[in-house]
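Residue-level structure breakdown
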Amino acid sequence: MEIFLKIVLLIFCFIMMEGVAWFTHKYIMHGFLWVLHKSHHEPGYRVVEGNDAFGVFFAAFSFILIFSGLPHFGYSFFAGIGIALYGVAYFFVHDIMVHQRFPLLKNVKHPYLRAIRRAHKIHHKKMGKEDGEAFGFLFVKNKYYPDNKKQAT
């Protein structure tokens, strides 16, 4: 039964990271830490940008949880793994598929993946920190799906 609870915790942490990512993106990245996130909205490719500090922060937090729970595979280990898996998903979808930091996954056909790409591109239409939309990452509103082109502008 304990392993079941640990797996539920892992899944819960993965899902909750979407809320953490949305809140962090909307109120912190587009708020008082815009100085770090601004580089992500500026045109041009940079191998490393100030925005990467957020990924490093969450990776470090995840590592601390994993490491502290490692001796007996405690609950913190599974919480850290859930956060780390979210980070891996973020990296593959955001950095590789959407922003093409590596030339992979250029022509995705799946409607869900296309909706994620579309929502993020709409988010980037605004170059400043004000009046943005689509701050989430994995949970995409229906208006961003390919069949709903008229709703998303």
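Report follows, based on the coordinates. (Residues numbered from 1 in each chain as written. Predicted model: local features only at pLDDT ≥ 70, side-chain atom pairs only at ≥ 80, totals over all residues. Heavy atoms only, no water.)

**Details of helix α2 (residues 34-41)**
Among the residues making up α2, those that are buried are W34, H37, S39, H40 and H41. Residues of α2 that are buried sit in contact with α1 (2-32), α3 (52-69), α4 (75-98) and α5 (111-123). (Buried < 20%, exposed > 50% of the residue type's maximum accessible area, 1.4 Å probe, protein only. Helix = DSSP H or I, 4+ residues; strand = E, 2+ residues; numbered from the N terminus. Contact = heavy atoms within 4.5 Å.)

**Comments concerning the environment of G31**
Its location among the elements puts G31 in helix α1. Overall, G31 belongs to the buried group, its relative accessible area being 17%. Distance from G31 to F137, taken between C-alpha atoms, is 18 Å for residues 106 residues apart in sequence. Filtering out sequence-adjacent residues up to four positions away, G31 remains in contact with K26 and K129.

**Description of the packing of aromatic side chains**
Within this structure, the stated rule accounts for eleven aromatic pairs. With 5.5 Å between their ring centres and 70° between their planes, F14 and Y86 make a pair best called edge-to-face. Highlighted residues: F14 in helix α1 and Y86 in helix α4, separated in sequence by 72 residues. Its relative accessible area of 25% is what places F14 among the partly exposed residues. Grouping aromatic residues by their ring pairs yields a cluster made of F14, Y86, Y90 and F137. Over the ring of Y75 we find K6; its NZ or CZ atom is 5.3 Å from the centre of that ring. (Phe/Tyr/Trp six-rings, centres within 6.5 Å; stacked < 30°, edge-to-face > 60°. Lys NZ or Arg CZ within 6 Å of the ring centre and 35° of its normal.)

**Thoughts on the layout of surface pockets**
Size it by volume and the largest pocket reaches roughly 600 Å³. For the largest pocket, the lining is made up of 33 residues, of which F54, G55, F58, G87 and Y90 are closest to its centre. Listing elements by their share of the lining of the largest pocket, those giving two or more residues are α1, α2, α3, α4 and α5. Of the residues assigned to the lining of the largest pocket, the class counts are 15 nonpolar, 14 polar and four charged. Considering only enclosed or pocket space, the second largest pocket measures out at about 260 Å³ in volume. If you list the elements that add at least two residues to the lining of the second largest pocket, you get α1 and α5. If you tally residues by element for the lining of the second largest pocket, the top one is α5, at three residues. Partitioned by chemical class, the residues of the lining of the second largest pocket number nine nonpolar, two polar and four charged. (1 Å grid on protein atoms, 1.4 Å probe; cavity = no way out; pocket = protein on both sides within 12 Å on 5 of 7 lines; lining within 4 Å. Points joined across faces, edges and corners; volume = space filled by probe spheres on them. Nonpolar A, V, L, I, M, F, W, Y, C, P; charged D, E, K, R; others polar.)

Any link to function would need more than the numbers given here.
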